[in-house]
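Overview (structure and organization)
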Amino acid sequence: MTVQALTKTALDRKGLSGPALRAFFRIAELWSLSVEEQMTLLGLSARSTFFKWKKDSDVVLPKDTIERISYVVGIYKALQVLLPDEKMADDWVKRPNDAPLFSGCSALDRMMSGQVADLFLVRQHLDAERGGWA
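Note that the coordinates shown come from a computational prediction; the quantities given were computed from them, not determined experimentally. (Residues numbered from 1 in each chain as written. Predicted model: local features only at pLDDT ≥ 70, side-chain atom pairs only at ≥ 80, totals over all residues. Heavy atoms only, no water.)

Now for the pattern of salt bridges. Under the defined criterion, the tally for this structure stands at 8 salt bridges. A salt bridge links arginine 110 to aspartate 118; the nearest nitrogen and oxygen atoms lie 2.6 Å apart. Aspartate 118 gets classed as buried once you look at its relative accessible area, which sits at 10%. Taking the shortest distance from any N to any O, the salt bridge between arginine 130 and aspartate 127 comes out at 3.6 Å. When its relative accessible area of 40% is taken as the criterion, arginine 130 is described as partly exposed. In this structure aspartate 127 comes out as buried when scored by relative accessible area, which is 18%. What you see here is one network of salt bridges that share partners, running through Arg123, Asp127 and Arg130. (Salt bridge = Lys/Arg side-chain N within 4 Å of Asp/Glu carboxyl O. Buried < 20%, exposed > 50% of the residue type's maximum accessible area, 1.4 Å probe, protein only.)

So, in structure tokens, the structure goes:
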């Protein structure tokens, strides 16, 4: 990869990072997520980084974090489409679910594994429920 391509990638991430973090923290508030839950969804282990990002969203997020936030935003959007009541949509992530993917646990329980793949699977499940591709 050329220096120019690397610079463009960093600029793209810089432009996405602030809005992505603001969206994530707003969704986390609506879903009543704890700091630990938010850190897990973001793939963070350092509380200092989490609080730095929360205080000042003028950062360049790693690609992994942008991917994670993208899945969370997609999950949020899908729930808003699927469930007519905003409160019901926001509460869905914490409610037990009998779908095979969740085995009686909540979607949040599944997402708390810390693996990006689990965020993808929850998003895929909701997209399929919306009638999209699974």
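A few words now on the packing of aromatic side chains. Think of a pair of aromatic rings as described by two things: how far the centres are apart, and how the planes are tilted against each other in angle. Counted according to the given criterion, the structure contains 5 aromatic pairs. A ring pair is formed by phenylalanine 24 and phenylalanine 25, whose centres lie 5.5 Å apart and whose planes are at 70°; its orientation type is edge-to-face. For phenylalanine 24, a relative accessible area of 2% puts it in the buried group. On the numbers, 5.0 Å between centres and 85° between planes, the contact of phenylalanine 50 with phenylalanine 51 is edge-to-face. Accessibility expressed as a relative area gives 0% for phenylalanine 50, which makes it buried. (Phe/Tyr/Trp six-rings, centres within 6.5 Å; stacked < 30°, edge-to-face > 60°.)

We now examine the side chain of aspartate 90. For aspartate 90, the location among the structural elements is in helix α5 (residues 86-91). Within the buried core, aspartate 90 has no salt-bridge partner, and the shortest N-O distance to an opposite charge, that of arginine 26, equals 7.2 Å. Side chain to side chain, aspartate 90 and glutamine 80 meet in a polar contact 3.2 Å long. Apart from the residues within four sequence positions on either side, aspartate 90 is in contact with Leu30, Trp31, Tyr76 and Gln80. (Helix = DSSP H or I, 4+ residues; strand = E, 2+ residues; numbered from the N terminus. Lys, Arg positive; Asp, Glu negative; His and termini not counted. Polar contact = N/O pair within 3.5 Å; in protein donor to acceptor, adjacent residues only side chain to side chain. Contact = heavy atoms within 4.5 Å.)

Before going further, it helps to examine the packing of helix α4 (residues 63-82) against helix α7 (residues 116-129). Between α4 and α7, whose axes approach to 9 Å, the crossing angle comes to 25°. Considering the angle they form, α4 stands roughly parallel to α7. Read as a crossing pair, α4 and α7 show a hand that is left-handed. The segment α4 lies against α7, with Asp64, Glu67, Arg68, Ser70, Tyr71, Val72, Gly74, Ile75, Ala78, Leu79 and Leu82 engaging Val116, Leu119, Phe120, Val122, Arg123, Leu126, Asp127 and Glu129. Considering only residue class, the contact of α4 with α7 consists of 11 nonpolar, 2 polar and 6 charged. (Axes fitted to C-alpha atoms, helices over the stretch in contact; angles between N-to-C directions. Parallel < 35°, antiparallel > 145°, perpendicular 65-115°, else oblique. Left-handed = near helix turned anticlockwise from the far one by under 90°. Nonpolar A, V, L, I, M, F, W, Y, C, P; charged D, E, K, R; others polar.)

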